[in-house]
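One letter stands for each residue in the lines below.
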Protein chains: 2
Amino acid sequence: MQSTVESAQRFLENYQPGKWNIQYRLLTPVTPVPSDMEVSRSCTPKPIGELAREIGLISDEVELYGQCKAKISLSTLKRLKEQPDGKYIVVTGITPTPLGEGKSTTAIGLVQALGAHLGQNAFACVRQPSQGPTFGIKGGAAGGGYSQVVPMEEFNLHLTGDIHAITAANNLVAAAIDARIFHEATQSDQALYSRLVPLVDGVRNFSDVQIRRLQRLHIMKMDPATLTNDEISKFVRLDIDPDSITWQRVLDTNDRFLRTITIGQSPSEKGYTRTAQFDITVASEIMAVLALTNSLEDMRERLGKMVVASSKKGVPITTEDLGVSGALAVLMKDAIKPNLMQTLEGNPVFVHAGPFANIAHGNSSVLADKIALKVVGKDGFVVTEAGFGADIGMEKFFDIKCRYSGLQPHVVVLVATIRALKMHGGGPTVSCFMVLSKQFTESNIPLLEKGCSNLRKQIENARIFGVPVVVAVNAFKSDTEAELQLVVRLAKEAGALDAVKCTHWADGGKGAVALAEAVQRASQAPSHFQFLYDMELPVVEKIRIIAQKIYGANDIELLPEAELKIIQYTKQGFGNLPICMAKTHLSLSHNPEQKGVPTGFILPIRDVRASVGAGFLYPLVGTMSTMPGLPTRPCFYDIDLDPVTGEVNGLF
Amino acid sequence: MQSTVESAQRFLENYQPGKWNIQYRLLTPVTPVPSDMEVSRSCTPKPIGELAREIGLISDEVELYGQCKAKISLSTLKRLKEQPDGKYIVVTGITPTPLGEGKSTTAIGLVQALGAHLGQNAFACVRQPSQGPTFGIKGGAAGGGYSQVVPMEEFNLHLTGDIHAITAANNLVAAAIDARIFHEATQSDQALYSRLVPLVDGVRNFSDVQIRRLQRLHIMKMDPATLTNDEISKFVRLDIDPDSITWQRVLDTNDRFLRTITIGQSPSEKGYTRTAQFDITVASEIMAVLALTNSLEDMRERLGKMVVASSKKGVPITTEDLGVSGALAVLMKDAIKPNLMQTLEGNPVFVHAGPFANIAHGNSSVLADKIALKVVGKDGFVVTEAGFGADIGMEKFFDIKCRYSGLQPHVVVLVATIRALKMHGGGPTVSCFMVLSKQFTESNIPLLEKGCSNLRKQIENARIFGVPVVVAVNAFKSDTEAELQLVVRLAKEAGALDAVKCTHWADGGKGAVALAEAVQRASQAPSHFQFLYDMELPVVEKIRIIAQKIYGANDIELLPEAELKIIQYTKQGFGNLPICMAKTHLSLSHNPEQKGVPTGFILPIRDVRASVGAGFLYPLVGTMSTMPGLPTRPCFYDIDLDPVTGEVNGLF
């Protein structure tokens, strides 16, 4: 009570909407740029509570998690509800190489420039990376070089446990599905009923979640004694068709041996075995729910609407039917609060949610963006990142994330690299296992010019949504000035409002000042944001519009399984959900080998699945791996803890 | 830097070794006692940072995790190393009913009495409960009634993520085992070598963990180019025998369908399937390591010594051989710090580690106890709890935990209930699904007197270790004064230094003041602590001593698998580890139906397993379930989140 009063007083005394009174860190970049770990460790972050105060958060809104992470309460939104939103900037990219083209790094560098160098209120919102690949083959996701979220080991490891909470919630649902099938298979209606509605102190009562199930069954009774045998049977039997289960178990570990498994082989399960699988946790629908939710209430509702299977009669079975939806909300009650960290230069960063970018929408959370937009205020900037290339992450950012959040984007920053553009021009395949060929490390104007076709198409894709585009050319040491100028010129010709070279990886925010200025100008330009499709269109139409307008396909082809599912989901009432394409990010088409701007192709739709709680249908274009594996020599060979200092060594 | 200086100043100004300047909360207990959740919610806990200051911790030692939890840095031990330890009290119990006899509640009530009512520095150290059973069938583990750790929902849910960290670390090992078997099976020696020791910028180098493996193989070379083909083969092939794998995957979820599974059935694993299982996370050896470790350095070492399988030639394969041990330490770097919470009356509580009490030793962490003993100071009290009855949890507390910690226990508090004693006297079976029979709810002196045999034997068990015993009779409303007095008298006759009735469940610390005074007196009595057996004795001898002296068995019987394993482990050099019996807690014998003091039995040893990193062998007496299941109506039916207040409803 006392601390509430104190913090309210402090707030009234110190809070001034407007420019933050914030201390930035002066960077002194070293050449050559050391490892990400060394750069991260060379800086002492501010105590995170101090940063929270600098940006006007009051103490009741800040839950510290150690010295460098904090969870920010959703009550912030309520306090600042009259405050107008800042400018909303989304960072996306051209079709990338498997190495990535630096979207996270650019998002962080841009915020460092806007804040520490141009004196604007600027907030970065990025995804939390899966911990699995940290020990497998992928690099970190905290940005890189002198544009990083720090401390990077905290960012890349447990953070504040949000992904662990998702693992727990997801697997509680999975355990509940199989246990329920087992108990229904081994008990009579009466036995099930007397256990589901037990005598407590001589009385039977329905729990709230059971009353809601009765209502969905149109059984409008509150007294357990009054149900007919037929009603009891309907109530106690979910009658799940095991072949219809779409809910998988998850782990935040790269464990390839769990891709296909048989479960239930202990004698205690009496022969009720079935084939199942584990996905990596970030592929869980609960992650997509976390990323798309607008409030605690909305999350509770979405968690209850998740469809896990169908009954043998084709009725969708939800987590609410399983009685587990309330427990899921309880498990996720802290995960819903965005995590505050900081950049190397001391700017605020929200790290929150990290859904898959193919079977889900690949964007950080709506709530982080919403809070950040209020905290920066009318003249401030929120820079958020959309996964994969503009054809995927940005399209989903607009058509799914902005549709559910109601937020209006102001500028698209499209990141391009000379390396990726040369690949699109016909250069050899790029992978993390190969030494880059000379075509990439030496000037090659014709290859580059040809490859700019991909940049042109992705600029066009952004412009379809009516939002101004700024191209950020993320410069590498080997790029020549002529190459960089060519890309800038071609980008402008293709309709980008501006295009600038950036060197934030090597120079920190200073290297992104030109980009930041371009973004400031673009944010003043008129934006006529519109969705790509109307949600009420038939499912097939929505898929076709994305395929033709964004990917450049001639048409789509529905394979039989997809056709069946579209009929089923439409019948079940899920036909009006937005579409989340599960397509490779390595090509505008479905074939990762086709670089540049593929034309004349028919996009095959193999299957369609539903994330009803998150709120989208996801057509599968090809096979998506949802469980990575460990290579012969995983990253963990280099990782260790210094037992004296407690420092982490060898992480990237 | 500045905050370091400030906190050092504050420390020097305010820190006085000796009595804490601590504000306790005044309880006003209500009759009948409301649900645990309601009692917990009726109290507003102190901000945890305030409690930390009150007990003399300095700000650099305290990492807040929200308002009511904090992690305490191991540097506290270094700062206070000259400070003498307080009195070390272990709470154990008679052989329990499946409902439990209130050990946690007694530990909390005793600390509330010692601190808030007798003005002593007193610290409780308890185990973190598994989250799985929270949603299954078990009640909470935060104590109960007016003797609780608060907020109880934080205690029973994620806490600060320690168990999640164990899940992640454990499963990284499991993924590494199967991935390694797969890569060895599908690649030549040369291919494996060139991947394990890759060319980086034209040079091949061994990582540190690889150099240590070479040394264990007696290959004293540092230059990868100089290994012979034979040495390369030895180095790259762990040659794991899949049938020898003892390392299981874990989840903190009650998922019975994962008890026996077949993994590796995806085509990408090319037919390398095998039978495997998931255990609940608290059964992981990493949990036992966390509970038994003395420092970061010691933990790093133990995590590397864990044996996961044998090679086809019978050589033990460790996590260090897999190259994953450093990553495990990194994943566990925060989990090693004890979690500070508080009782309803505002006393400090450490919640840290919660290993299984059958296949592991069932005690909270050594580090929490060690820090607490320094923080309470010479005249203070640390009350720690040992799982199950005295024959299991207490025996392991002395012979395993105290052996590794080097700490000297001062008093054993042995908890008994009239209910359990009547069961031992021949009363009917007690279970959570049944209404208690009249024999329990009405006075029955003969049944009770007969059942006190079990109390007598457990007192004797404590006295074997040379430590004074105080019996705490945890009173229920239905117990008569005559019954309570009988137990008190018989306990004293059996050699307890004292025996007192307690009502802390209904009354809070006030109800345990008599117990606290008895404990104070007992802590002044001479203690002649000794271990039960010498570690250097042969494995069979150590098992026999425990079985005969503690359980009252005539002898032990080794089944063939156990005999083989004892030979194997002795040969591998693990014969001198202490013994951790995996026996039912529901009887002094191996048969849970045998109540009271069974005699004339031969204890069968079915198998023996090793937790080499944690540091014990565990003989299996019967089959231990390491993965609970969900009943027809799991607890989650009642659990929900209030989306407006954010409060958790229906949790116990």
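Look up: the structure comes first, before these words.
All values reported here derive from a predicted model rather than from experimental measurement.

About the criteria used
- Residues numbered from 1 in each chain as written.
- Chains lettered and ligands numbered in written order.
- Predicted model: local features only at pLDDT ≥ 70, side-chain atom pairs only at ≥ 80, totals over all residues.
- Heavy atoms only, no water.
- Least-squares fit on C-alpha atoms with pLDDT ≥ 70 in both.
- Disulfide = S-S within 2.5 Å.
- Buried < 20%, exposed > 50% of the residue type's maximum accessible area, 1.4 Å probe, protein only.
- Contact = heavy atoms within 4.5 Å.
- Buried area = accessible area lost by both parts, 1.4 Å probe.
- Salt bridge = Lys/Arg side-chain N within 4 Å of Asp/Glu carboxyl O.
- Polar contact = N/O pair within 3.5 Å; in protein donor to acceptor, adjacent residues only side chain to side chain.
- Helix = DSSP H or I, 4+ residues; strand = E, 2+ residues; numbered from the N terminus.
- Core = buried A, V, L, I, M, F, W, Y, C linked by side-chain atoms within 4.5 Å.
- 1 Å grid on protein atoms, 1.4 Å probe; cavity = no way out; pocket = protein on both sides within 12 Å on 5 of 7 lines; lining within 4 Å.
- Points joined across faces, edges and corners; volume = space filled by probe spheres on them.
- Nonpolar A, V, L, I, M, F, W, Y, C, P; charged D, E, K, R; others polar.
- Axes fitted to C-alpha atoms, helices over the stretch in contact; angles between N-to-C directions.
- Parallel < 35°, antiparallel > 145°, perpendicular 65-115°, else oblique.
- Left-handed = near helix turned anticlockwise from the far one by under 90°.
- Phe/Tyr/Trp six-rings, centres within 6.5 Å; stacked < 30°, edge-to-face > 60°.
- Lys NZ or Arg CZ within 6 Å of the ring centre and 35° of its normal.
- Arc of directions from axis to C-beta.
- Pairing = 2+ DSSP bridges.

Caption draft 1: Structural context of the relation of the copies chain A and chain B. Mapping chain A onto chain B calls for a rotation angle of 180 degrees and an axial translation of 0.0 Å; the resulting RMSD is 0.0 Å. The symmetry that links the two subunits is that of a two-fold axis. For chain A, the minimum C-alpha distance to the rotation axis belongs to Tyr65 of chain A and amounts to 2.2 Å.

Caption draft 2: The arrangement of the state of the cysteines in detail. All names here are of chain A. Scanning all chains against the criterion turns up zero disulfides over all chains. You can see Cys68 has no disulfide; the closest cysteine sulfur is in Cys43, sitting 10 Å from it. Relative accessible area serves as the criterion here: at 13%, Cys68 is assigned to the buried category.

Caption draft 3: Seen up close, the interface of chain A and chain B. The partner chain B presents 81 residues to the 81 residues of chain A that form the contact. Taken together, both faces of the contact between chain A and chain B bury some 7,100 Å²; the carbon and sulfur share is 65%. Among the residues chain A hides against chain B, the three largest losses belong to Phe257, Thr632 and Tyr637 of chain A. Together they make up 12% of the total. Connecting chain A to chain B are twelve salt bridges. The partner of Glu154 of chain A in a salt bridge is Lys333 of chain B, and the shortest N-O contact between them spans 2.8 Å. The tally of links between chain A and chain B comes to 39 residue pairs in polar contact (both at pLDDT 80 or more). At twelve residues, helix α7 (residues 162-186) of chain A tops the list of elements feeding residues into the side of chain A that touches chain B.

Caption draft 4: Molecular detail of the nonpolar core. Grouped together as the largest cluster of nonpolar side chains are 206 residues, with contacts concentrated most on Phe123, Met332, Leu340, Phe398, Leu455, Val471 and Leu603 of chain B. A total of 13 residues in this core trace back to one element, the largest contributor, which is helix α7 (residues 162-186) of chain B. Not counting residues up to four positions away in its chain, the partners in contact with Val471 of chain B are Leu414, Leu455, Ile459, Ala491, Ala496, Asp498, Ala499 and Val500 of chain B. Counting residues in each nonpolar core, the second largest holds 118 residues, with Met287, Leu292 and Ala335 of chain A together with Leu157 of chain B among its members.

Caption draft 5: Region of the structure containing empty space enclosed by the protein. Evaluation of the coordinates by the stated rule reveals nine cavities of 30 Å³ or more. The volume enclosed by the largest cavity comes to roughly 310 Å³. Together, 30 residues line the largest cavity, and Thr160 and Gly161 of chain A together with Leu159, Thr160 and Gly161 of chain B are the ones closest to its centre. At the level of elements, α7 of chain A together with α6 (152-156) and α7 of chain B are the ones that each hand at least two residues to the lining of the largest cavity. When the residues that make up the lining of the largest cavity are grouped by side-chain class, the tally is eleven nonpolar, eight polar and eleven charged. Computed from the structure, the second largest cavity encloses a volume of approximately 130 Å³. When contributions to the lining of the second largest cavity are tallied by element, the ones reaching two or more residues are α7 of chain A together with α7 of chain B. Among the residues forming the lining of the second largest cavity, the class breakdown is four nonpolar, eight polar and two charged.

Caption draft 6: Structural detail: the packing of α7 of chain A against helix α11 (residues 285-292) of chain A. All names here are of chain A. Direction vectors running N to C along α7 and α11 enclose 130 degrees, while the axes themselves pass 9 Å from each other. As the angle between them shows, α7 and α11 are arranged oblique. Both α7 and α11 take part in a crossing whose hand is right-handed. In this structure, α7 contributes Ile163, Ile166, Ala169 and Asn170 to the contact, and α11 contributes Ile286, Met287 and Leu290. A breakdown of the residues in the contact of α7 with α11 according to their chemical character gives six nonpolar, one polar and no charged.

Caption draft 7: Up close: the packing of helix α19 (residues 445-464) of chain A against helix α20 (residues 481-493) of chain A. Residue and element names in this part refer to chain A. Across the interface, α19 lies against α20 with an axial gap of 10 Å and an inter-helix angle of 35 degrees. Here α19 runs over α20; the crossing is right-handed. Seen from α19, the contacting residues are Ile445, Leu448, Glu449, Cys452, Leu455 and Ile459; seen from α20, they are Ala482, Glu483, Leu486, Val487, Leu490 and Ala491. Of the residues contributing to the contact of α19 with α20, the split by class is ten nonpolar, no polar and two charged.

Caption draft 8: Quick peek at the pattern of salt bridges. If you walk through the whole model with that rule in mind, you get 88 salt bridges over all chains. The partner of Lys71 of chain B in a salt bridge is Asp162 of chain B, with the nearest N and O atoms 2.8 Å apart. With a gap of 91 residues between them, Lys71 of chain B in strand β2 (residues 70-72) and Asp162 of chain B in helix α7 connect regions that are remote in the sequence. A salt bridge links Arg127 of chain B to Glu385 of chain B; its shortest N-O distance comes to 2.9 Å. Within this pair, whereas Arg127 of chain B is found in the loop between β4 (122-126) and β5 (143-144), its partner Glu385 of chain B is found in strand β17 (residues 381-385), the two being separated by 258 residues in sequence. The network of salt bridges with shared partners includes Glu63, Lys333, Asp334 and Lys337 of chain A together with Lys69 and Glu154 of chain B.

Caption draft 9: A look at the packing of aromatic side chains. One pass over the structure, following the stated rule, counts 32 aromatic pairs over all chains. Centroid distance Tyr193 of chain B to Phe235 of chain B: 6.0 Å. Interplanar angle 90 degrees. Geometry classified as edge-to-face. Here Tyr193 of chain B, found in helix α8 (residues 189-196), pairs with Phe235 of chain B, found in helix α10 (residues 229-236); they are 42 residues apart in sequence, far enough to count as distant. Per residue, the accessibility class of Tyr193 of chain B equals that of Phe235 of chain B, and both read buried. Put simply, the rings of Tyr88, Phe397, Phe398, Phe465, Phe529 and Phe531 of chain A pair up and form one aromatic cluster. Seen from the ring of Tyr404 of chain A, Arg302 of chain A lies directly overhead, with NZ or CZ sitting 4.7 Å from the centre. The ring of Tyr551 of chain A carries the charged tip of Lys583 of chain A above its face, separated from the ring centre by 4.5 Å.

Caption draft 10: The arrangement of α8 of chain B in detail. All names here are of chain B. Every buried residue of α8 is listed here: Leu192, Tyr193 and Leu196. Along the long axis of α8, the arc covered by the buried residues comes to 100 degrees, so they all point the same way. Along its buried surface, α8 packs onto α7, α9 (208-216) and α10.

Caption draft 11: Inspection of the pairing of strand β3 (residues 87-93) of chain B at higher detail. Residues and elements named next belong to chain B. In terms of burial, β3 is largely enclosed, as seven of its seven residues are buried. The alternating pattern of β3 places Lys87, Ile89, Val91 and Gly93 on one face and Tyr88, Val90 and Thr92 on the opposite face, and all of these are buried. Bridging between β3 and β17 involves five bridges; their strand directions are parallel. From the neighbouring strand, Ile89 faces β17, where its bridge partner is Val383. Strand direction decides the pairing type here: β3 and strand β18 (residues 411-416), joined by five bridges, are parallel. Residue pairing for β18: Ile89 is matched across the bridge by Val411.

Nothing here speaks to function; it is geometry throughout.
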